[in-house]
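As a plain string of letters, each chain reads:
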2 protein chains.
Amino acid sequence: MRGEVTLNRNQLNFSGGPGALPDRVLIQVQEAIANVPEVGLSVLGISHRSDWFAAVVEEVSQNIRRLLDLPENYHVLLLQGGATQQFSMVPMTLLRGKTAPAEYLHTGYWSGKAIPEAVKVGALRTVWDGSGNGFTRLPTDDELAFSPAAPYLHYASNETVEGLQFHRVLGREDVPRVCDMSSDFLSRPCEAERFSLIYAHAQKNIGPAGVTVVLVRDALLAKTRAGTQGGALGNLPGFLDYGSHIAAKSNFNTPPVFAIYVVLLVTRWLLQDMGGLAAMAAKNQAKADLLYQVIDRSDGFYRGRAMARDRSSMNAVFTLPNEALTQQFLAEAMATGMSGLDGHRAVGGLRASLYNGLSLAAVEYLAGFMHDFRRRHASLKPGKR
Amino acid sequence: MRGEVTLNRNQLNFSGGPGALPDRVLIQVQEAIANVPEVGLSVLGISHRSDWFAAVVEEVSQNIRRLLDLPENYHVLLLQGGATQQFSMVPMTLLRGKTAPAEYLHTGYWSGKAIPEAVKVGALRTVWDGSGNGFTRLPTDDELAFSPAAPYLHYASNETVEGLQFHRVLGREDVPRVCDMSSDFLSRPCEAERFSLIYAHAQKNIGPAGVTVVLVRDALLAKTRAGTQGGALGNLPGFLDYGSHIAAKSNFNTPPVFAIYVVLLVTRWLLQDMGGLAAMAAKNQAKADLLYQVIDRSDGFYRGRAMARDRSSMNAVFTLPNEALTQQFLAEAMATGMSGLDGHRAVGGLRASLYNGLSLAAVEYLAGFMHDFRRRHASLKPGKR
């Protein structure tokens, strides 16, 4: 199987993030470093106040609206600071001055990072905590009880470290849903209109590190401002106020022009080359199915970390029988051109991240390698001598 | 004079920022989009947790230390959020819980942006306000009286919009100096060890928009933490706490890998190709001298905005006799390959920004154009018929 398609090392990058970008996009980025065709200047030297850049921001916004069927009553913002900044901006905006606790799900490493930042701002209730089961599964609906009084519900749609992903929308229709979609944004349709606020940094599926997309329903902010006591948002620094960024069309302070331009190229690629999110999701699912099949049919040589029901189509997290084999796997994979397969430092083991930019051919290449690796090493087991 | 050197449009980019980068750097960046030589992957797909990236951060830090002769008791941080984020982080760190007001100079557009963000946090005294003279000059020492009780003094070393630059260090030795050097950082030696905190976004002299350098003296933070009442910093979001970024070696949350890599290439260029900051400063001064000479010897056809004493070596701001000529100047300049010469929207007129990446040859080209433009248009004056 290996060798049929010639893949370069960028195409075999299984990193958990920053993730691989499509070759077609990399080629366009390379051109833009010398010269953005319609401007005649390097993308690194074009003013963020230029008409060209205003058009870039507008097209990114329109492309995201088209990809997600996002209604007009949502703002599309392009900010800095990653999901980490959103861990604070969300409660600073929605929790200050409130008495009822916000509700958070703790389903893994990343949703767990959001919680202490919210605690600094106000009252919080952890609706479900997966730490007791080592974050190997997600809650069922029977295990979840949401309060209608909560200012909002916060959860992460995908946990990159543990390889867990929600395949449904959680929560009540009458409580604003806030979702960290950093690691599966624009990898599949997401029923965006059921959320009040979605945030996602770019560096998994849609661009390089340094820019964060926020989709926020207009009524959420209007309601929040009206609802705060004595102007609870009055002291908020301008750059932490969604309103500043909305008013300035994501140009409140100098935006990361380059990163936003790459997001533009990726959204064009999603629309034009991939044919939209339903097609992208089908491709992503095929990649994940192939990899999980290799794991499931390995007689326990490869073991998936997550319960099958809650497996992520973005991050397949698995282990080998021992650490020596794990290191050998990584070394051999690297020697054949594949990189980024080591698990997150918090859980160890192996992880194959299958973001938008990674092709089915790359996963076939990895699957072939895994078959081969297993055949060679499973046959060395004592019982098989 | 024009035509002797062949300059491309990137080399004739006089934009106020993001500014032109050296061709040598652009070529290396272009290569890195496909493949960072020592890694074999696109710079856009390399993990921020890789050994390679840790080495990049370390080398940037060491290069900045070498360029500025920065002592070991300073931390070098690479953050997101631009100067705007620093407008808030500085007072959140140094002003919370203090009774004596921080002292700020209001010398133009950008120092004026810092003040309202500090006012949200605590007491502030404006030591000098140049708005009365339309920000056409900076204060002399006689006009400045600083309090020894101030938690810190804040000023901007260069005002890009008005073309004003301090050519000396302000303030008392016993009060921490905090300086926004966004628009002249690494354009000249700056006596860094006389400041407690220096911040500068990259997009003028050292890289693309999306990364901000902060130099902070260790004792400043130690003192501040010890001095706060009841842990005034306790509620600070992690990403707004300098301590988080110091502890994590600028990897507290995913850093803007690409932008930091470009800063690495520019600092290497400053050390290896330019020969350090004294040489860079001499070159920048020669560029500015040439341009101001054209202005000063134009019989008032070109008029400099700033008092000669306080002129910026980074941004030459000037006007023409009327708006029609201004528009003609911009159109003709554009037609000959030059861009970015329009003044900031707040003041209008013309502005030539002469950041590190812009060569003397480019300024000679502009000077030749200005001579020529004046000859053609001054001769049309009624008295000369």
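Given the structure is predicted, the values throughout are model-derived calculations rather than measurements.

Digging into the overall build of chain A
Turning to step 1, where the next piece is worked out: If you tally the helices and strands in chain A, you get ten helices and twelve strands.
Turning to step 2, where the next piece is worked out: Radius of gyration (C-alpha) of chain A: 22 Å, near the 21 Å computed for a compact globule of 385 residues.
Turning to step 3, where the next piece is worked out: By its C-alpha atoms, chain A is 75 × 55 × 30 Å across when sized along the principal axes.
Turning to step 4, where the next piece is worked out: Counting the 385 residues in chain A, one finds 60% classified as buried.
Turning to step 5, where the next piece is worked out: Across chain A, the fraction of contacts at a sequence separation of at least 24, relative to all contacts at a separation of at least 6, is 69%.

Regarding the side chain of B:His377
Residue and element names in this part refer to chain B.
Turning to step 1, where the next piece is worked out: Within the fold, His377 resides in helix α10 (residues 360-378).
Turning to step 2, where the next piece is worked out: His377 sits in the buried class, given a relative accessible area of 11%.
Turning to step 3, where the next piece is worked out: Apart from the residues within four sequence positions on either side, His377 is in contact with Phe301, Leu325, Gln328 and Glu332.

Some words on the relation of the copies chain A and chain B
Turning to step 1, where the next piece is worked out: Overlaying chain A with chain B gives an RMSD of 0.0 Å, the required rotation being 180° about an axis along which the chain moves by 0.0 Å. Both chain copies can therefore be described as sitting about a two-fold axis. Closest approach to the rotation axis among the C-alpha atoms of chain A is made by A:Gln30, whose C-alpha sits 2.6 Å away.
Turning to step 2, where the next piece is worked out: Interface overlap between copies: 100% of the residues of chain A at the interface are likewise at the interface in chain B, consistent with a symmetric, same-surface contact.

Overview of helix α2 (residues 51-68) of chain A
Turning to step 1, where the next piece is worked out: Compared with an ideal rise of 1.5 Å per residue, which puts 18 residues at 26 Å, α2(A) spans 26 Å between its outermost C-alpha atoms and is within 8% of the ideal.
Turning to step 2, where the next piece is worked out: Positive phi shows up at A:Asp69, right after α2(A), with a value of about 50°.

Considering the pattern of salt bridges
Turning to step 1, where the next piece is worked out: Counting across every chain of the model gives 34 salt bridges over all chains.
Turning to step 2, where the next piece is worked out: Of the charged contacts, one joins A:Glu173 and A:Arg177 as a salt bridge, the two residues approaching to 2.8 Å between their closest N and O atoms.
Turning to step 3, where the next piece is worked out: On the basis of relative accessibility, which here comes to 57%, the residue A:Glu173 falls in the exposed class.
Turning to step 4, where the next piece is worked out: Of the charged contacts in the structure, one is a salt bridge between B:Glu103 and B:Arg125, with a shortest N-O distance of 2.9 Å. Here B:Glu103, found in strand β2 (residues 102-106), pairs with B:Arg125, found in strand β3 (residues 124-129); they are 22 residues apart in sequence, far enough to count as distant.
Turning to step 5, where the next piece is worked out: The exposure class assigned to B:Glu103 is buried, which follows from its relative accessible area of 2%.
Turning to step 6, where the next piece is worked out: You can call B:Arg125 partly exposed: its relative accessible area is 33%.

Describing the state of the cysteines
Every disulfide links exactly two cysteines, by a covalent bond between their sulfur atoms.
Residue and element names in this part refer to chain A.
Turning to step 1, where the next piece is worked out: Scanning all chains against the criterion turns up zero disulfides over all chains.
Turning to step 2, where the next piece is worked out: As a non-bridged cysteine, Cys179 has Cys190 as the owner of its nearest cysteine sulfur, 8.0 Å distant.
Turning to step 3, where the next piece is worked out: A residue is classified by how much of its surface remains accessible, and Cys179, at 0% relative accessible area, is buried.
Turning to step 4, where the next piece is worked out: Judged by relative accessible area, which is 12%, Cys190 ranks as buried.

Re the environment of B:Phe135
Residues and elements named next belong to chain B.
Turning to step 1, where the next piece is worked out: As for its placement among the helices and strands, Phe135 is situated in the loop between β3 and β4 (153-156).
Turning to step 2, where the next piece is worked out: C-alpha separation for the pair Phe135 and Gln327, spaced 192 residues apart in sequence, amounts to 24 Å.
Turning to step 3, where the next piece is worked out: When sequence neighbours within four positions are dropped, the list of residues in contact with Phe135 reads His106, Thr107, Gly108, Asp129, Gly130, Glu162, Leu164 and Arg305.

A look at the domain arrangement of chain A
Reports often express the size of an interface as the amount of accessible area lost when the parts come together.
Residues and elements named next belong to chain A.
Turning to step 1, where the next piece is worked out: The domain boundaries assigned to chain A delineate domain 1 (26-272) and domain 2 (276-384).
Turning to step 2, where the next piece is worked out: If you average the C-alpha positions of domain 1 and of domain 2, the two centres end up 29 Å apart.
Turning to step 3, where the next piece is worked out: Contact with domain 1, which involves 29 residues of that partner, is made by 25 residues of domain 2.
Turning to step 4, where the next piece is worked out: Both faces combined, the contact of domain 1 with domain 2 buries some 2200 Å², and carbon together with sulfur accounts for 54% of it.
Turning to step 5, where the next piece is worked out: The three residues of domain 1 that bury the most area against domain 2 are Val161, Gly163 and Ser187, which together make up 20% of that side's buried surface.

What about the packing of aromatic side chains?
Two numbers describe a pair of aromatic rings. These are the distance of the centres and the angle of the planes.
All names here are of chain B.
Turning to step 1, where the next piece is worked out: Enumeration according to the criterion identifies 31 aromatic pairs over all chains in this entry.
Turning to step 2, where the next piece is worked out: Ring centres of Phe301 and Tyr302 lie 5.0 Å apart, and the angle between their planes is 85°; on these two criteria the pair is classed as edge-to-face. Each member of the pair Phe301 and Tyr302 is classed as buried.
Turning to step 3, where the next piece is worked out: Measuring from centroid to centroid gives 6.2 Å for Tyr302 and Phe329, while their planes differ by 80°, and the two rings are edge-to-face. Of this pair, Tyr302 sits in the loop between α8 (277-296) and β10 (303-304) while Phe329 sits in helix α9 (residues 323-335), placing them 27 residues apart in sequence.
Turning to step 4, where the next piece is worked out: Take Tyr302: its relative accessible area is 2%, and that puts it in the buried class.

Considering the packing of helix α3 (residues 82-94) of chain A against helix α4 (residues 109-119) of chain A
All names here are of chain A.
Turning to step 1, where the next piece is worked out: Between α3 and α4, whose axes approach to 8 Å, the crossing angle comes to 45°. When the interaxial angle is binned, α3 and α4 end up oblique. In the crossing of α3 with α4, the sense of the turn from one axis to the other is right-handed. Mapping the contact onto sequence places Phe87, Ser88 and Pro91 in α3 and Trp110, Lys113, Ala114, Glu117 and Ala118 in α4.
Turning to step 2, where the next piece is worked out: Among the residues forming the contact of α3 with α4, the class breakdown is five nonpolar, one polar and two charged.

Overview of the interface of chain A and chain B
Turning to step 1, where the next piece is worked out: Listed per partner, the contact involves 53 residues of chain A and 53 residues of chain B.
Turning to step 2, where the next piece is worked out: Taken over both partners, the interface formed by chain A and chain B buries close to 4100 Å², and the fraction arising from carbon and sulfur atoms is 57%.
Turning to step 3, where the next piece is worked out: When the area that chain A buries against chain B is broken down by residue, the three leading residues are A:Leu44, A:Lys120 and A:Phe239, summing to 14%.
Turning to step 4, where the next piece is worked out: At the boundary of chain A and chain B, one finds zero salt bridges.
Turning to step 5, where the next piece is worked out: The tally of links between chain A and chain B comes to 19 residue pairs in polar contact (both at pLDDT 80 or more).
Turning to step 6, where the next piece is worked out: For the side of chain A that touches chain B, the secondary structure elements donating two or more residues are α1 (23-34), α3 and α7 (257-272) of chain A.
Turning to step 7, where the next piece is worked out: Here the side of chain A that touches chain B gets six residues from one element, more than from any other, and that element is α1(A).
Turning to step 8, where the next piece is worked out: Of the residues contributing to the side of chain A that touches chain B, the split by class is 22 nonpolar, 25 polar and six charged.

A few points about the packing of α2(A) against α7(A)
All names here are of chain A.
Turning to step 1, where the next piece is worked out: Orientation of α2 relative to α7, taken along the N-to-C sense of each, is 40°, at an axis distance of 9 Å. Relative to α7, the element α2 lies oblique. In the crossing of α2 with α7, the sense of the turn from one axis to the other is left-handed. Packed against α2, whose contacting residues are Trp52, Phe53, Val56, Glu59, Val60, Asn63, Ile64, Arg66 and Leu67, the element α7 presents Val257, Ile260, Tyr261, Val263, Leu264, Thr267, Arg268, Leu270 and Leu271 at the interface.
Turning to step 2, where the next piece is worked out: Of the residues assigned to the contact of α2 with α7, the class counts are 13 nonpolar, two polar and three charged.

Examining the environment of A:Gln85
Turning to step 1, where the next piece is worked out: Looking at the secondary structure, you find A:Gln85 in helix α3.
Turning to step 2, where the next piece is worked out: Note: C-alpha distance between A:Gln85 and A:Gly112 (27 residues apart in sequence) is 14 Å.
Turning to step 3, where the next piece is worked out: Non-local contacts of A:Gln85, meaning those with residues more than four positions away in its chain, are made with A:Gln80, A:Phe239, A:Leu240, B:Gln85 and B:Phe239.

A word on unusual backbone geometry
Residue and element names in this part refer to chain A.
Turning to step 1, where the next piece is worked out: Each neighbour pair has its own omega, and for Gly17 with Pro18 the value is -5°, a cis peptide bond.
Turning to step 2, where the next piece is worked out: Here Pro18 is to be found in the segment before α1.
Turning to step 3, where the next piece is worked out: Look at Asp69: it is not a glycine, yet its phi comes out positive at around 50°.
Turning to step 4, where the next piece is worked out: Relative to the helices and strands, Asp69 resides in the loop between α2 and β1 (74-79).
Turning to step 5, where the next piece is worked out: Of note, Ser250 is a non-glycine position whose phi angle comes to about 60°, a positive value.
Turning to step 6, where the next piece is worked out: Here Ser250 shows up in the loop between α6 (242-247) and α7.
Turning to step 7, where the next piece is worked out: Classification of Ser250 by relative accessible area gives buried; the value is 4%.

Conventions used here
Residues numbered from 1 in each chain as written. Chains lettered and ligands numbered in written order. Predicted model: local features only at pLDDT ≥ 70, side-chain atom pairs only at ≥ 80, totals over all residues. Heavy atoms only, no water. Helix = DSSP H or I, 4+ residues; strand = E, 2+ residues; numbered from the N terminus. Rg over C-alpha atoms; globule rule 2.2 N^0.38 Å. Buried < 20%, exposed > 50% of the residue type's maximum accessible area, 1.4 Å probe, protein only. Contact = heavy atoms within 4.5 Å. Least-squares fit on C-alpha atoms with pLDDT ≥ 70 in both. Expected span 1.5 Å × (residues − 1). Salt bridge = Lys/Arg side-chain N within 4 Å of Asp/Glu carboxyl O. Disulfide = S-S within 2.5 Å. Domains from an automatic or database assignment. Buried area = accessible area lost by both parts, 1.4 Å probe. Phe/Tyr/Trp six-rings, centres within 6.5 Å; stacked < 30°, edge-to-face > 60°. Axes fitted to C-alpha atoms, helices over the stretch in contact; angles between N-to-C directions. Parallel < 35°, antiparallel > 145°, perpendicular 65-115°, else oblique. Left-handed = near helix turned anticlockwise from the far one by under 90°. Nonpolar A, V, L, I, M, F, W, Y, C, P; charged D, E, K, R; others polar. Polar contact = N/O pair within 3.5 Å; in protein donor to acceptor, adjacent residues only side chain to side chain.

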